[in-house]
Amino acid sequence: MKALRTPLCDLLGIDVPIIQSGMGGVAGPELAAEVCRAGGLGILAGLNVPADVLRRNIARLRELSSRPFGVNLWLHEAMQPPVDVRTLSESDVRGAQTELNRFRAALGVEPKSGGPEPIPDLIDAQIDVIIEERVPVLSVGLGDPRQDRVARCRERGIRVMAMATTVGDALVLEASGVDVIVAQGGEAGGHRSTWVKPCSASAASVGTMTLVPEIVDAVHVPVVAAGGVADGRGLVAALALGAQGILLGTRFVATRESKAAPFFKQAIVAGTADSTRVTDVFTGLYARGIDNEFIRGYERSGAPVLPPLAQRNLAQDVYAAAALKGDQEHFPMLAGQSLGLIHALPGAADVVRAIVEEAERVRKRIAG
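Caption draft 1: Unusual backbone geometry, seen in detail. Look at the link from Gln80 to Pro81: it is a cis peptide, with omega at -5 degrees. Following the sequence through the fold, Pro81 ends up in the loop between β3 (69-74) and α4 (90-107). Residue Asn48 is not a glycine yet carries a positive backbone phi of 65 degrees. For Asn48, a relative accessible area of 28% puts it in the partly exposed group. Its identity as a non-glycine residue notwithstanding, Arg146 has a phi of 70 degrees, on the positive side.

Caption draft 2: Quick peek at the sheet that holds strand β7 (residues 190-191). Spatially, β7-β11-β10 is the arrangement adopted by the 3 strands of the open sheet, whose pairing is antiparallel. A strand with exactly one partner marks an edge of an open sheet, and here the two such strands are β7 and β10 (276-279). In this sheet, strand β11 (residues 287-290) lies alongside β7 in antiparallel orientation, the contact comprising 2 bridges. In the sheet register, His191 faces β11, and the bridge partner there is Ala287. The sheet strands contacting helix α12 (residues 293-301) are β10 and β11, and the helix crosses β10 at an angle near 40 degrees.

Caption draft 3: Broad picture of the pattern of salt bridges. The full count for this structure, using the stated rule, is 31 salt bridges. Of the charged contacts in the structure, one is a salt bridge between Arg60 and Glu63, with a shortest N-O distance of 3.1 Å. With Arg60 and Glu63 both in helix α3 (residues 51-64), this residue pair falls 3 residues apart, about one helical turn. With relative accessibility at 62%, the residue Glu63 sits in the exposed group. For Lys112, the salt bridge identified is with Asp317, shortest N-O distance 3.7 Å. Here the residue Lys112 occupies a position in the loop between α4 and α5 (123-132), and Asp317 occupies one in helix α14 (residues 316-325), the gap between them amounting to 205 residues. Note on Lys112: relative accessible area 43%, which makes it partly exposed. A network of salt bridges, in which partner residues are shared, links Glu99, Arg102, Arg277, Asp291, Glu293, Arg296, Glu299, Arg300 and Glu329.

Caption draft 4: Here's a closer look at the packing of α4 against α14. It is the contact of α4 with α14, at a shortest axis distance of 10 Å, that shows an interaxial angle of 25 degrees. One element, α4, and the other, α14, form an angle in the roughly parallel class. Once α4 is placed against α14, the crossing between them reads as left-handed. Across the interface between the two elements, Leu100, Phe103, Arg104 and Leu107 from α4 touch Asp317, Val318, Ala321, Ala322 and Lys325 from α14. Per-class residue counts for the contact of α4 with α14 are 6 nonpolar, no polar and 3 charged.

Caption draft 5: Just the packing of helix α2 (residues 29-37) against helix α15 (residues 348-367), in detail. Packing of α2 against α15 leaves a shortest axis separation of 7 Å and a crossing angle of 35 degrees. At the point where α2 passes α15, the crossing takes the right-handed sense. Seen from α2, the contacting residues are Leu31, Glu34 and Val35; seen from α15, they are Ala348, Ala349 and Val352. A per-class count over the contact of α2 with α15 returns 5 nonpolar, no polar and 1 charged.

Caption draft 6: Structural detail: the sheet that holds β3. Spatial strand order, β1-β9-β8-β6-β5-β4-β3-β2: 8 strands in an open sheet with parallel pairing. Strand pairing shows two members of the sheet lacking a second neighbour, β1 (18-20) and β2 (42-45), which therefore form its edges. Looking at each pair of strands side by side, their axes are set apart by 30 degrees on average, direction ignored. Lying on the sheet, α2 is in contact with β1, β2 and β3; it crosses β2 at an angle near 170 degrees.

Caption draft 7: Examining α15 more closely. The terminal C-alpha atoms of α15 lie 29 Å apart, and with 20 residues this matches the ideal 28 Å at 1.5 Å per residue to within 8%. Among all positions of α15, only Ala348, Ala349, Val351, Val352, Ile355, Val356, Glu358, Ala359, Glu360 and Val362 are buried. Gly368 lies just past α15 and shows a positive phi near 85 degrees.

The rules behind these values
- Residues numbered from 1 in each chain as written.
- Predicted model: local features only at pLDDT ≥ 70, side-chain atom pairs only at ≥ 80, totals over all residues.
- Heavy atoms only, no water.
- Helix = DSSP H or I, 4+ residues; strand = E, 2+ residues; numbered from the N terminus.
- Buried < 20%, exposed > 50% of the residue type's maximum accessible area, 1.4 Å probe, protein only.
- Pairing = 2+ DSSP bridges.
- Contact = heavy atoms within 4.5 Å.
- Axes fitted to C-alpha atoms, helices over the stretch in contact; angles between N-to-C directions.
- Salt bridge = Lys/Arg side-chain N within 4 Å of Asp/Glu carboxyl O.
- Parallel < 35°, antiparallel > 145°, perpendicular 65-115°, else oblique.
- Left-handed = near helix turned anticlockwise from the far one by under 90°.
- Nonpolar A, V, L, I, M, F, W, Y, C, P; charged D, E, K, R; others polar.
- Expected span 1.5 Å × (residues − 1).

As structure tokens, this is what we get:
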């Protein structure tokens, strides 16, 4: 294990350079605590979590583990402040609802015609909670935390880790003073960590193998590799590219402690690397997920896609009905290309230990 330890471990106070992504709706206190107890960095999901609930989740995690942990927030420009749903085009809302009503009919849900529910403005209150609670690590999934927020965190001894999909964004993050940059390759599941919605699904989608060394060469802070990594081989490869650790999302979705629905976990286990695609029809932002009828049907229809999170709010009843029915075809199953490497549903701590053990074997084999 000593051979795998990097300066990142000392910086974050962890034993092994393995970080669990703070995936919305998936990463609760139980999952994060298991990763922490195994020596990695577990991260709580903060997206759309009201400040009082976030505080309770932090307290629960601390009951389960005394190890360092993080909280993940989105700082996307469309959430500061959130889109005012009252300003949405009536024709766009009508066009989106027409296609969603087709899905509602398939699921036995009543048709709708109105606009989406308002998007709550939570970020400032969430950051206040993180600072008041002295959360060890603030993890930023989408966006630039800015120098003022980083300074507030630093005053309280909080490390800041932020994600980038391009060298340009990585340089902005470094200038903002973040402690760690996560290089998110195109293989990664979930939302693309772009701060402004790109013009197409293929934009800002450089592969991990290329992006990681490019960012490592451009910045002076530790870099973590994300995208297409699910085992010890990926950890060793990331270290060889100059990264000081790995961040995994899809691998931790498919664990016992994950809050993901059972049918979602099974879809990951059954999937292959070519089972996913990048789309904006689930939330209004580009994200990689397992291909299904919702993606194919919505894109085929040419229906309008509403702005970030307004699209998700409009379709929330479809997703809720699909979840109740265990329907994989109408639920957003965000996952990366690493799902082709995942074949079981172990505990999260077992995942950490297995990655470390395999990485040690691979390192020794390479060394001859």
